[in-house]
Amino acid sequence: MIIFLGIMICLIISFVIFFKPTLTDKKTDIEFDSYNHIWENELENWSILTSFSELKILKKYAGELRMGPGFFHIKTESNNIFGKEFYGDWFYRIENGIYLQKWNSNPIKNGIRTKADNDLIFYDRIKNEIRIIETGIESFHWKMEKDELGLSLISNNGKTEERIRITNANNGYN
């Protein structure tokens, strides 16, 4: 009987911890502002994601999905055109810019129920502009392959793999 009671208490505690909303203030239900938050750990504040000779692209840790990928905010050191959106930890750099994984959902609000709905975007460092290459990609796990025809994004959601051809990769768009 004591063992059964102990198991029941452990199950209840596990259930409460697993389904507890994350990163919100219970008393006021104010959403956590990861963009302006100053983390105690210096590595979780703004750091260099990648840089070109005259430009640094910075990332700031915003959180991570439970048993899933981390997510970040992105900005440039000067003339920033990025907002407070969330980006995955995947990127692919080419000569004139960088491909990024932009999340369309808010992982801080949705927590473990965040579904993959991402856009492949290209930041053109020369023109200082963002172009959307592909929308509605239902995967957090991406890789880029290069062949004689250009670039292909391969997204894998654990059940299916999708290949997206980027036909004009030298110009940063398809």
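As the structure is a prediction and not an experimental result, all values here were calculated from the model.

S.K.: Please explain the sheet that holds strand 5 (residues 97–103) as it appears in this structure.
M.R.: Within a beta sheet, neighbouring strands are joined by backbone hydrogen bonds and run either parallel or antiparallel to one another. Spatial ordering of the open sheet is given by 1-2-3-4-5-6-7, a layout of seven strands whose pairing is antiparallel. Looking at the sheet topology across the chains shown, the edges are occupied by strand 1 (47–52) and strand 7 (129–137). On average, each strand axis in the sheet is tilted by 30 degrees relative to the strand beside it, whichever way the strands run.

S.K.: What is the right way to read unusual backbone geometry from this model?
M.R.: The phi torsion of most residues other than glycine is negative, and most of the peptide bonds are trans. Residue N128 is not a glycine yet carries a positive backbone phi of 50 degrees. Structurally, N128 can be placed in the loop between strand 6 (118–124) and strand 7. Classification of N128 by relative accessible area gives partly exposed; the value is 24%.

S.K.: Where do I start with the pairing of strand 6 in this structure?
M.R.: For a regular strand, side chains alternate in direction, first toward one face of the sheet and then toward the other. Burial of strand 6 is extensive: seven of the seven residues sit out of reach of the surface. Burial of strand 6 is two-sided: the residues N118, L120, F122 and D124 facing one way and the residues D119, I121 and Y123 facing the other way are all buried. Where strand 5 lies against strand 6, seven bridges are found, and the strand directions are antiparallel. Paired with L100 across the bridge in strand 6 is I121.

S.K.: Can you help me understand the pattern of salt bridges in this one?
M.R.: Pairing between side chains becomes possible if they bear opposite charge and their charged atoms approach one another. Counted according to the given criterion, the structure contains five salt bridges. In this structure, R131 engages D124 in a salt bridge whose closest nitrogen and oxygen atoms are separated by 3.5 Å. Residue R131 shares its accessibility class with D124, and that shared class is buried. A salt bridge links D147 to R165; its shortest N-O distance comes to 3.1 Å.

S.K.: Sorry if this is basic, but what is going on with the packing of aromatic side chains here?
M.R.: Here the distance between the centres and the angle between the planes together describe a pair of aromatic rings. Across all of its chains, the model carries eight aromatic pairs by this definition. Ring centres of Y61 and F72 lie 6.2 Å apart, and the angle between their planes is 75 degrees; this geometry places the pair in the edge-to-face category. Here F72 lies in strand 3 (residues 70–76) and Y61 lies in strand 2 (residues 55–64), a separation of eleven residues in the sequence. In this structure, Y61 and F72 share a single accessibility class: buried. Measuring from ring centre to ring centre gives 5.5 Å for F71 and F86, while their planes differ by 85 degrees; the resulting arrangement is edge-to-face. Placement of F71 in strand 3 and of F86 in strand 4 (residues 86–94) is noted, with a sequence separation of 15 residues between them. By relative accessible area, F71 is classed as buried at 1%. Taken together, the ring pairs in this structure connect F71, F86, W103 and F140 into an aromatic cluster. Over the face of the ring belonging to F72 we find K59, whose NZ or CZ atom lies 4.6 Å from the ring centre. Over the aromatic face of W46 sits the side chain of K75, whose NZ or CZ is 4.5 Å from the ring centroid.

Here is what the cut-offs are and how they apply
Residues numbered from 1 in each chain as written. Predicted model: local features only at pLDDT ≥ 70, side-chain atom pairs only at ≥ 80, totals over all residues. Heavy atoms only, no water. Pairing = 2+ DSSP bridges. Helix = DSSP H or I, 4+ residues; strand = E, 2+ residues; numbered from the N terminus. Axes fitted to C-alpha atoms, helices over the stretch in contact; angles between N-to-C directions. Buried < 20%, exposed > 50% of the residue type's maximum accessible area, 1.4 Å probe, protein only. Salt bridge = Lys/Arg side-chain N within 4 Å of Asp/Glu carboxyl O. Phe/Tyr/Trp six-rings, centres within 6.5 Å; stacked < 30°, edge-to-face > 60°. Lys NZ or Arg CZ within 6 Å of the ring centre and 35° of its normal.

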